[in-house]
Amino acid sequence: MTLVRWNPWQEFNAMQRQINRLFDEDTLSSAFVERSFSRVPAAELKETEDAIHLKLELPGIEAKDLDLQVTQNAVYLSGERKSEAKTEDKGVIKSEFHYGKFQRVIPLSARIQNTNVTAEYKDGILNLTLPKAEEEKNKVVKVNLASAG
């Protein structure tokens, strides 16, 4: 019987190779990626005294392919990025673009007047101005301070 010195780093290297193999892009099927990772538009919220300003990044999507609904407490957005029909006789096409349907619900930190929302869509950026409800604008909260002592 041969005596072999144990090297703990060898096991870590083997585990690292297995993890790399698991996430190798050739191993992952595109169907698995599409089911597992939903692509939603990036959002940016800015709240002022009078309104909430919401900016959504929607490159390559036409306004007609978007469905936007606003309640007093949330913004619901859904749409579809349609793939371009390309024909090519030779070569390999690799695309990191994500096509298909998406949806996103963005809860709002204050109640808004959903009947007075304004929207502007230009260059793949959707800007929404969501005016706050009157009771939210003038909302003052009394804070009781306990004396330390």
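Quick note: structure is the one above.
**Structural notes on the nonpolar core**
Here's step 1: Core analysis: the largest hydrophobic core is formed by 17 residues, its most contacted members being L54, L56, L58, V75, L77 and L130.
Here's step 2: Put simply, the parts of the chain that give this core at least two residues each are β2 (51–57), β3 (66–70), β4 (74–81), β5 (100–107) and β7 (125–131).
Here's step 3: Leaving out residues up to four positions away in the same chain, L130 has contacts with A51, I52, L54, V70, V75, L108, I112 and V117.

**Quick look at the packing of aromatic side chains**
Here's step 1: Tallied over the entire structure, the rule returns one aromatic pair.
Here's step 2: On the numbers, 5.5 Å between centres and 40 degrees between planes, the contact of W9 with F12 is tilted. Highlighted residues: W9 and F12, both in helix α1 (residues 8–22), separated by three residues, approximately one helical turn.
Here's step 3: Residue classification places W9 among the exposed residues on the basis of a relative accessible area of 59%.
Here's step 4: Taking relative accessible area as the criterion, F12 reaches 47% and is therefore assigned partly exposed.

Thresholds applied
Residues numbered from 1 in each chain as written. Predicted model: local features only at pLDDT ≥ 70, side-chain atom pairs only at ≥ 80, totals over all residues. Heavy atoms only, no water. Core = buried A, V, L, I, M, F, W, Y, C linked by side-chain atoms within 4.5 Å. Buried < 20%, exposed > 50% of the residue type's maximum accessible area, 1.4 Å probe, protein only. Helix = DSSP H or I, 4+ residues; strand = E, 2+ residues; numbered from the N terminus. Contact = heavy atoms within 4.5 Å. Phe/Tyr/Trp six-rings, centres within 6.5 Å; stacked < 30°, edge-to-face > 60°.

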